[in-house]
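Fold and geometry: a report
Residues per chain are reported as follows:
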Amino acid sequence: MELNTEIITTPPLDSASVVLLRDHAEGMQVLLLRRHQASNVLGGAYVFPGGKLDAADHSPALLARLSQDAATLHQRLAEPELPEERAAALFVAAIREAFEESRVLLGQAHSETPDLQALQNALAQGHSWSEAFQKLSLQLRTDALVPWTRWITPRQASVTNKRFDTRFFITRVPDGQTAAHDNHETTETLWITPRQALIRYWDRQIELAPPQIMSLVHLARHPNTDSVLAEARCRKPPVIEPEPFDQDGIRTICYPGDPRHSVAQVAFPGPSRLMYKNKRFEPEWGLAALLD
């Protein structure tokens, strides 16, 4: 992973990412997708499904197919300054991106058996999301999609030359659905426990960007999906604005709660800073700092 040295002057792009969880015999697992090596954003890295907010996500016809109204979704996202329709559109973006990148249609009730192939075919034929959902009489169910964290890329971004204002949502994978990469934006599907993902990162078997590293550190503190969802539902999503600085020639990113960060309140468990060493980001005290 190469270090970005540019200062980004453009405002961050609104985006949404979904942390898909499932309970497994090995413990709680999270879905990671490997981005195509040729991608201009985190090529080759393992990420959660997600992407930027599209203008079409604001479609009135599409917003009308949400299981909750815009006012409710605005309240759930807990960003008072954000217009209600934009808050609702971010939920749409999360569901859309999860399906486009992993073939999972979020939030479907246990009694429902959506025809996922028909939806994929309709989209492949050029139908918009709004048209496809109306044609197939589907509803975008937002109830199970829980706001988790909000990450805002700094002007001195460390691993990309773009800025994003990303809302991370958390949810269980619906019963009866199987995640699969699209072989376009993503090239590998990996279900793995957060702890094992961090170990594989440390052993250089997979590549992770800082938001994924710190999110996995947070998730590794939970024994099952119920525990994660209970935490997410009882608190406001923390806003995480990493603050980079160079120390002894080493790029360092600090997070809320770090002595160098402008926000004193800790946002998540684990180390409060990562340092760019050996062409990747590492905590000062090594793997133990990620796992303990």
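Check the entry above for the structure.
**As for helix α4 (residues 116–124)**
The set of residues buried in α4 consists of A118, L119 and A122. Taken end-on, α4 shows its buried residues confined to a sector of 100 degrees, consistent with a single buried face. Buried residues along α4 sit against α3 (84–102) and α5 (129–135). Two residues or fewer past α4, G126 is found with a positive phi of approximately 100 degrees.

**A look at the nonpolar core**
Judged by nonpolar contacts, the single largest core of 39 residues is most densely connected at I170, I213 and L219. The element that contributes the greatest number of residues to this core is helix α7 (residues 210–219), accounting for 5 residues. In this view, L219 contacts V19, L21, M28, V30, W148, I170, P194 and V228; residues no more than four positions away in its chain are not counted. Ranked by size, the runner-up nonpolar core spans 38 residues in total, among them A16, L62, L105 and V173.

**Notes on the sheet that holds strand β12 (residues 280–282)**
Strands sit in the order β9-β10-β11-β12 across an open sheet of 4 strands; the sheet is antiparallel. Looking at the sheet topology across the chains shown, the edges are occupied by β9 (243–247) and β12. Sheet twist, expressed as the mean angle between neighbouring strand axes with direction ignored, is 30 degrees. Contacts from α7 reach β10 (250–254), β11 (273–277) and β12 within the one sheet, and its direction differs from that of β11 by about 135 degrees.

**Quick look at the pairing of β11**
Looking down a regular strand, the side chains alternate between one sheet face and the other. Burial within β11 is extensive, with 4 of its 5 residues counted as buried. Strand direction decides the pairing type here: β10 and β11, joined by 3 bridges, are antiparallel. Note on β11: the bridge partner recorded for I253 is L274. Alignment of β11 against β12, held across 3 bridges, turns out to be antiparallel. Within the sheet, the bridge partner assigned to M275 lies in β12 and is E282. Here β11 hands over to β12 after 2 residues, with N278 in that stretch at a positive phi of 60 degrees.

Rules used throughout
Residues numbered from 1 in each chain as written. Predicted model: local features only at pLDDT ≥ 70, side-chain atom pairs only at ≥ 80, totals over all residues. Heavy atoms only, no water. Buried < 20%, exposed > 50% of the residue type's maximum accessible area, 1.4 Å probe, protein only. Helix = DSSP H or I, 4+ residues; strand = E, 2+ residues; numbered from the N terminus. Arc of directions from axis to C-beta. Contact = heavy atoms within 4.5 Å. Core = buried A, V, L, I, M, F, W, Y, C linked by side-chain atoms within 4.5 Å. Pairing = 2+ DSSP bridges. Axes fitted to C-alpha atoms, helices over the stretch in contact; angles between N-to-C directions.

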